[in-house]
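Secondary and tertiary structure notes
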Amino acid sequence: MPDVAEVTPCGATTADSSSAFQEGRTGLIIRIPEAEPAVRAWRARLDPSARAGVPAHVTVLFPFLDESRMDAPVHYALADLLGDHQAFDLRFERCGRLGDVLHLVPEPDTQVRQLTEAIAALWPEAPPYGGRFTEVVPHLTIAQGQEDAVLEEIEADLADKLPFTSHVRSVDLVVHDGTKWQQRASFVLGGRNAL
């Protein structure tokens, strides 16, 4: 897999500041609130997407369609597709690295991969990460662009905060408004969704 550090789940490169995100860009994410106590401080310092308003998350599909294309038929199609997938659990027991990106590893990641594949199949013009990688690896980014010593410090800090489990019930649509990422919709898994 190419160096994932070149592009983060919300589209900034490791050298970018939060102001580098593109207005109108969208993504589909799974919020992981159970991770916040362990990773919030690290992400606030070392993950540009956190500084731009994105909570601890596992990316389902980024980039998705431009905000200008997010009309009612797209919302209904997402609601139907995601409503056909059941809620599931993700367990986070360890850290992993993709290049200079330190992340938590969600296990099992099968359902996340299935969501990504199903959405990308319905909208082939929106391949994961713009088609830059042959394999998409679900992950929860903590830090990027740091020296090994910093990443080792984070791993040591997280050792006694793992494991934890998150019950995934929905997928959120987030949009960059030119300043911050904002949630625009939430789609319930295994149920009928409301816009």
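Residues numbered from 1 in each chain as written. Predicted model: local features only at pLDDT ≥ 70, side-chain atom pairs only at ≥ 80, totals over all residues. Heavy atoms only, no water.

1. Let's talk about the sheet that holds strand 3 (residues 88-98)
Spatial strand order, 5-4-3-6: four strands in an open sheet with antiparallel pairing. Every other strand in the sheet has two partners, leaving strand 5 (140-144) and strand 6 (164-168) as the edge strands with one partner each. On average, adjacent strands in this sheet sit at an angle of 35° to one another, irrespective of strand direction. With respect to the sheet, helix 1 (residues 36-46) is in contact with strand 4 (101-107) and strand 5, its orientation differing from that of strand 5 by roughly 50°. The strands touched by helix 5 (residues 148-158) are strand 3, strand 4 and strand 5; relative to strand 3, the strand with the most contacts, the crossing angle is about 150°. (Pairing = 2+ DSSP bridges. Helix = DSSP H or I, 4+ residues; strand = E, 2+ residues; numbered from the N terminus. Axes fitted to C-alpha atoms, helices over the stretch in contact; angles between N-to-C directions. Contact = heavy atoms within 4.5 Å.)

2. Here's the deal with the sheet that holds strand 1 (residues 26-31)
The sheet built from four strands is open, its strands ordered 2-1-7-8 with antiparallel pairing. Every interior strand has two partners, whereas the edge strands, strand 2 (57-61) and strand 8 (181-188), have only one. Averaged over all adjacent pairs, the angle separating strand axes in this sheet is 35°, with direction ignored. Pairing of strand 1 with strand 7 (residues 170-176) involves four bridges; the strand directions are antiparallel. Opposite Thr26, over in strand 7, you have Val175 as the bridge partner. Along the sheet, helix 4 (residues 110-122) makes contact with strand 1, strand 2 and strand 7, crossing strand 2 at roughly 30°.

3. Side note on the packing of aromatic side chains
Considering all chains together, one arrives at five aromatic pairs under this definition. Note on Phe62 and Trp181: the rings are 6.1 Å apart at their centroids and 70° apart in plane angle, and the pair reads as edge-to-face. Highlighted residues: Phe62 in the loop between strand 2 and helix 3 (72-83) and Trp181 in strand 8, separated in sequence by 119 residues. Note on Phe64 and Trp123: the rings are 5.1 Å apart at their centroids and 90° apart in plane angle, and the pair reads as edge-to-face. One end of the pair, Phe64, is in the loop between strand 2 and helix 3; the other, Trp123, is in the loop between helix 4 and strand 5, with 59 residues separating them in the sequence. (Phe/Tyr/Trp six-rings, centres within 6.5 Å; stacked < 30°, edge-to-face > 60°.)

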